[in-house]
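Spelled out from the first residue to the last, the chains are:
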Amino acid sequence: NKAEPLKVMISGAPASGKGTQCELIRRKYDFVHIAAGDLLRAEVAAGTENGRRAKECMEKGQLVPDEIVVMMVKERLLLPDSQEKGWLLDGYPRSSSQANALKEFGFQPDLFILLEVPEEILVDRVVGRRLDPVTGKIYHLKYSPPETQEIAARLTQRFDDTEEKVKLRLLTHNKNVEAVLSMYEDITVKVDGSLCKEDVFAQIDSALRALRKQGQTPLGSL
Ligand code: AP5
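These numbers were taken from a predicted model, which means no experiment stands behind them.

## Points about unusual backbone geometry
Reasoning step 1: For the bond running from Tyr-92 to Pro-93, omega is 0°, close enough to zero to count as cis.
Reasoning step 2: Examined against the element boundaries, Pro-93 turns out to sit in the loop between strand S3 (87-90) and helix H6 (96-104).
Reasoning step 3: A positive phi is found at Ala-15, a non-glycine position, where the angle reads about 65°.
Reasoning step 4: Taking relative accessible area as the criterion, Ala-15 reaches 12% and is therefore assigned buried.

## A few points about the pattern of salt bridges
Reasoning step 1: Applying the stated criterion across every chain, the model contains 20 salt bridges.
Reasoning step 2: The residue Lys-137 makes a salt bridge to Glu-147 at a minimum N-O spacing of 2.7 Å. With Lys-137 in the loop between strand S5 (129-131) and strand S6 (138-140) and Glu-147 in the loop between S6 and helix H8 (149-154), this residue pair connects regions lying 10 residues apart in the sequence.
Reasoning step 3: When its relative accessible area of 29% is taken as the criterion, Lys-137 is described as partly exposed.
Reasoning step 4: Residue Arg-158 is joined to Asp-160 by a salt bridge in which the shortest nitrogen-to-oxygen separation is 3.0 Å. The exposure classification of Arg-158 matches that of Asp-160, with both residues buried.
Reasoning step 5: One network of salt bridges, with partners in common, ties together Arg-129, Arg-158, Asp-160, Asp-161 and Arg-169.

## A look at the packing of helix H4 (residues 66-78) against H6
Between two packed helices, both the angle of their axes relative to each other and the distance between the axes serve to describe the pair.
Reasoning step 1: Taken N-terminus to C-terminus, the directions of H4 and H6 make an angle of 35°; their axes are 11 Å apart at the nearest point. Where H4 crosses over H6, the handedness of that crossing is right-handed. For the pair H4 and H6, the contacting residues are Asp-66, Val-69, Val-70 and Leu-77 in the first and Ser-97, Gln-98, Ala-101 and Leu-102 in the second.
Reasoning step 2: Residues belonging to the contact of H4 with H6 are distributed by class as follows: five nonpolar, two polar and one charged.

## Let's talk about the packing of helix H2 (residues 36-46) against helix H3 (residues 49-59)
Reasoning step 1: Where H2 meets H3, the axes come as close as 7 Å, and the angle between the chain directions of the two elements is 120°. Viewed along their axes, H2 and H3 adopt a mutual orientation that is oblique. When you trace H2 past H3, the crossing you get is left-handed. On H3, the residues touching Gly-37, Leu-40, Arg-41, Glu-43 and Val-44 of H2 are Asn-50, Gly-51, Ala-54, Lys-55 and Met-58.
Reasoning step 2: Residue composition of the contact of H2 with H3, by class: four nonpolar, three polar and three charged.

What counts, and at which threshold
Residues numbered from 1 in each chain as written. Predicted model: local features only at pLDDT ≥ 70, side-chain atom pairs only at ≥ 80, totals over all residues. Heavy atoms only, no water. Helix = DSSP H or I, 4+ residues; strand = E, 2+ residues; numbered from the N terminus. Buried < 20%, exposed > 50% of the residue type's maximum accessible area, 1.4 Å probe, protein only. Salt bridge = Lys/Arg side-chain N within 4 Å of Asp/Glu carboxyl O. Axes fitted to C-alpha atoms, helices over the stretch in contact; angles between N-to-C directions. Left-handed = near helix turned anticlockwise from the far one by under 90°. Contact = heavy atoms within 4.5 Å. Nonpolar A, V, L, I, M, F, W, Y, C, P; charged D, E, K, R; others polar. Parallel < 35°, antiparallel > 145°, perpendicular 65-115°, else oblique.

In structure tokens:
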């Protein structure tokens, strides 16, 4: 009698470390990592009409309309691997309408992780962020530098990773975060995301282990 796969959401301001923690969580727990921002960037890269509309919003740091994002996330959640392994949803929901849509489709998370990071740290993290297009790995020039010269030479930067644009993304985040949080209060764990990535992961890991141990009793009813 195999335990039900866990369903986890991770939320936090831009550059709070969601993608970085998801990589560490996935390595240990083998959940399927579904990042709304990555799905959108793939659509932008594919040059579709939805991708074109999404990019316009992303460049302004605004939320992409629900009719694009909701279906995209729903379809990914319904794929067999998400159902079998459990999922780790990153950057979704970002509004109460997105949270309600998920609920209506019958997706109920077991845990909602909120990464808390002071605003002054976020800008520093954004401007130093680099991505490896070959492995998809996230680096930071100062905090998480590439391992080799070869990797360093091929790193790229996201089109919305400037100080000006992260401030716009932050405004959008601050406007929406309370409404989303209030829907998951009973299953929320707040994590200090300002520490080094290993120490942030240790907090998340202990919440996930506790959840596994409880045989998935919702945190709020412990
Ligand atoms: P999205 O791609 O989700 O961007 P975001 O929320 O701004 O978050 P980031 O990806 O920038 O940061 P992160 O928290 O993953 O941090 P990371 O681990 O990389 O969304 C982009 C856009 O898409 C949105 O603006 C919106 O337009 C649209 N969108 C997305 N979802 C949507 C939705 N649901 N609805 C509508 N629109 C949507 O870390 C950042 C840097 O810091 C890295 O360099 C990393 O190495 C470093 N770092 C990480 N952790 C640490 C640490 N502990 N110590 C030191 N450095 C660290």
